[in-house]
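One letter stands for each residue in the lines below.
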Amino acid sequence: MIEKTGMTDARKSLYFHLGLIGALFILQFILPAYHHGNLARIMVLACYAMGYNILFGYTGLLSLGHAMFFAAGMYGMGLPMVHLGWTPEPALISAIVAGVVVSAGIGFLALRTSGVSFMIVTLMFAQAGFLTILYFGEWTRGDEGFVIKQAERVMAGFDLSQPTNRYNAALILFSICLLLTIRLVHSRFGRVMIAIRENEERTHMLGYDVHFHKWMAVIMSGTMAALAGAAYALLFGYAGATFASVQYSIFPLLWVLLGGAGTALGPFIGTLFMFYLIDLSSSFTTAYMLIAGLALVLLTLFLPQGLVGEFRRKVVPWLS
Amino acid sequence: MAIMTTPHISADGISRHFGGLIAVDQVDFSVPRGEIRAIIGPNGAGKSTFVGMLCGRIPVSAGRIMFDGKDVTALPAHKRIRQGIAYTFQITSIYGRLSLKDNVRLATSWRWGNDEQAIQNTIEESLEKVGLADRMDQMAGDLSYGHQRLLEIAMGISQHPQLLILDEPTQGLADSEIAGFVKLIRELGGDMTILLIEHNMNVVMDTADQITVLNLGKVLATGTPADIRGNRDVQIAYLGETHA
């Protein structure tokens, strides 16, 4: 993985990603309804993966507990809307606050460990979070979850349950997350994150507070994941404990690995690929997870840097 | 030697235990500003542990460290570095997947705020000093081992430290590179205090103002190169007891 720092490379990379955002905007006029709906969902989940990528892809910390951050945003959004009658605007703020608080707290504790212990600790915290959601089933409705009514999902005058609005809201969120990631990677802070990934000990002995940088990376990563969770609840009108389960901690890891860890676009490509892999294979066999699993094994063997990672290595070294 | 001025860096009875093993045992040590001090001693004498404690990489088990008139014993390593201590590792530690330019940038950029021009100048100047300026766009991992060592020294220099700690910098360098290194250290000597852990006695004799010899975690002798060369205890530590 090559991180170039020249101005022109940064600019080329920015234009490339702006082009992609433009293409996604145009696609909504072309796609049939089914794929149109899928793509909105993929863009929101890609934001989750982009959040994960900040910590895993750029800082080199492997978390197995990101579902708790996604769920913090999802319930931070959904609970006050359903129980307190909040409108989406303040609920979005409470979701972001939930994301910051949970990731700052968990990050503070989990970063006392590193490597495999960090994976285990994040996994355990997420499991505790999942059980907490089940325990307070009276409000969260546990596994069954709860629906946020269509009439309540109106933000700034736009009915977000309506497909076009939903698609464009997802696109706006996706664009923000993508551009923030690119901005971060080219910032001085982002360079230190990458330096920690590449050689933690050296980075510390060059005068950087490694622990602080890691903590901030957990908070940025967790908050972006929470933002995705909040958007998911708002756009698709549902919050449920499944999204806090281990499965949803593993998903972003797979998406990022498939697409390319430490690439800005990798999380989106990985999410898109896996979504359609499962979608297509389940249309002709019930053993669709077998096909998905096989594809994952082959990709990991032959494209170890992920789809975008290999593309960058072979074709466009200037990509962020 | 009369020590009238405050030492630049000093250790006051510092020790380090690893479980039951005593790696460094109540060492007193002081170096005046601008001196080049070599630290020598047989393998396992505790040299790396000792300088590791000075730069903060390894916490002390006991004792006190003063740098530039301030007690830095409790400061974490990254804060000591920002106060003007630079450190190069015994085993080369660079960013193999970043360019030489970006390696040095990470070392120096925090000194300069947003002054991009100063950063660029420092990068060029530091790589120039070790003779790697023409390779600044290459990946550091593609360099030969000797060149990687020189890159790490360039990263240290780019921090414009007051105190530069080099842990076996010439290990793995070719003879021609060693000659260049000796010249570089002599040039730097006037501007900064240098601690040099070194096995190559020619390098030590050609660069050091003073030498401290460690053996079994204790200071065996301190003196000029000529003193140390004639010191019988040192000869015994290195060569074993000889029966006359």
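Enquirer: Break down the sheet that holds strand S10 (residues 218–223) of chain B for me, with residues and values.
Expert: Residues and elements named next belong to chain B. Pairing in this open sheet of six strands is mixed, and the strands run S6-S7-S8-S3-S9-S10 from one edge to the other. Both outer strands of the open sheet, strand S6 (85–88) and S10, are each paired with one neighbouring strand and no more. Averaged over all adjacent pairs, the angle separating strand axes in this sheet is 15°, with direction ignored. Bridging between S6 and strand S7 (residues 163–167) involves four bridges; their strand directions are parallel. Its bridge partner lying in S7, Tyr87 is registered against Ile165.

Enquirer: Before we move on, could you go through the pairing of strand S3 (residues 36–40) of chain B and cite the residues and values that matter?
Expert: In regular strands, side chains alternate between the two faces of the sheet. Residues and elements named next belong to chain B. Burial of S3 is extensive: five of the five residues sit out of reach of the surface. Taking every second residue as pointing to the same face, both faces of S3 are buried, with Ile36, Ala38 and Ile40 on one and Arg37 and Ile39 on the other. Inspection of the sheet shows S3 paired to strand S9 (residues 210–215) by four bridges, in the parallel sense. Paired with Ala38 across the two strands is Ile211, which belongs to S9.

Enquirer: Lay out the sheet that holds strand S2 (residues 21–31) of chain B in plain terms, naming residues and giving numbers.
Expert: Paired through their backbone hydrogen bonds, the strands of a sheet run either parallel or antiparallel. Residue and element names in this part refer to chain B. Ordered in space as S2-S1-S4-S5, the four strands form an open sheet in which the pairing is antiparallel. On the outer flanks of this sheet lie S2 and strand S5 (70–71), each paired with one strand and no other. In terms of strand pairing, strand S1 (residues 9–18) meets strand S4 (residues 62–67) through five bridges, oriented antiparallel. Counterpart to Asp12 in the pairing with S4 is Arg64.

Enquirer: If you had to explain the nonpolar core to someone new, which residues and values would you point to?
Expert: In terms of nonpolar packing, the biggest core is built from 164 residues, with Val44(A), Cys47(A), Phe70(A), Ala228(A), Ala231(A) and Ile165(B) touching the most fellow members. Among residues more than four places away in sequence, those in contact with Ala231(A) are Val44(A), Cys47(A), Ala170(A) and Leu173(A).

Enquirer: Can you tell me about the confidence of the model for chain A, naming the residues and giving the values?
Expert: Residues and elements named next belong to chain A. Put simply, chain A has an average pLDDT of 93, and 98% of its residues get 70 or more. Mean pLDDT values for the elements of chain A range from 86 in helix H13 (residues 288–302) up to 98 in helix H10 (residues 210–236). Within the model, pLDDT remains below 50 along residues 1–5, and this stretch shows 11 contacts once partners closer than five positions in the same chain are excluded.

Enquirer: Can you tell me about the environment of His78(B), naming the residues and giving the values?
Expert: Checked against the element boundaries, His78(B) lands in helix H2 (residues 77–82). A sequence separation of 82 residues divides His78(B) from His160(B), and the C-alpha atoms of the two residues are 15 Å apart. Aside from chain neighbours lying at most four places away, what touches His78(B) is His204(A), Gly207(A), Tyr208(A) and Asp209(A).

Enquirer: Tell me what's going on with the confidence of the model for chain B, and back it up with residues and numbers.
Expert: Overall, the prediction assigns chain B a mean pLDDT of 92, with 96% of residues at 70 or greater. The least confident element of chain B, judged by mean pLDDT, is helix H9 (residues 232–239) of chain B at 82; the most confident is H2(B) at 97.

Cut-off values and rules
Each chain carries its own residue numbering, running from 1 in the direction its sequence is written. As a convention, the first chain written is A and the first ligand written is 1, with the rest following in written order. The predicted origin of the model limits local features to residues at a pLDDT of at least 70 and limits the giving and counting of side-chain atom pairs to 80 or more, whereas totals for whole chains, interfaces and linings rest on all residues. For two strands to count as paired, DSSP must find a minimum of two bridges between them. The helix and strand labels rest on DSSP assignments: H or I over at least four residues marks a helix, E over at least two residues marks a strand, and numbering proceeds from the N terminus. For helices, the axis comes from a line fit to the C-alpha atoms of the stretch in contact; other axes are also lines fit to C-alpha atoms, and the angle between any two N-to-C directions lies between 0 and 180 degrees. With C-beta atoms placed from the backbone, a residue is buried if 20 or more other C-beta atoms are within 10 Å of its own, exposed if 12 or fewer are, and partly exposed between those counts. Defined on buried residues, the nonpolar core groups Ala, Val, Leu, Ile, Met, Phe, Trp, Tyr and Cys residues joined through C-beta atoms within 7 Å. Throughout, a residue-residue contact means that the two C-beta atoms, derived from backbone geometry, are no farther apart than 7 Å. The quantity called pLDDT is the predictor's confidence in a given residue, expressed from 0 to 100.

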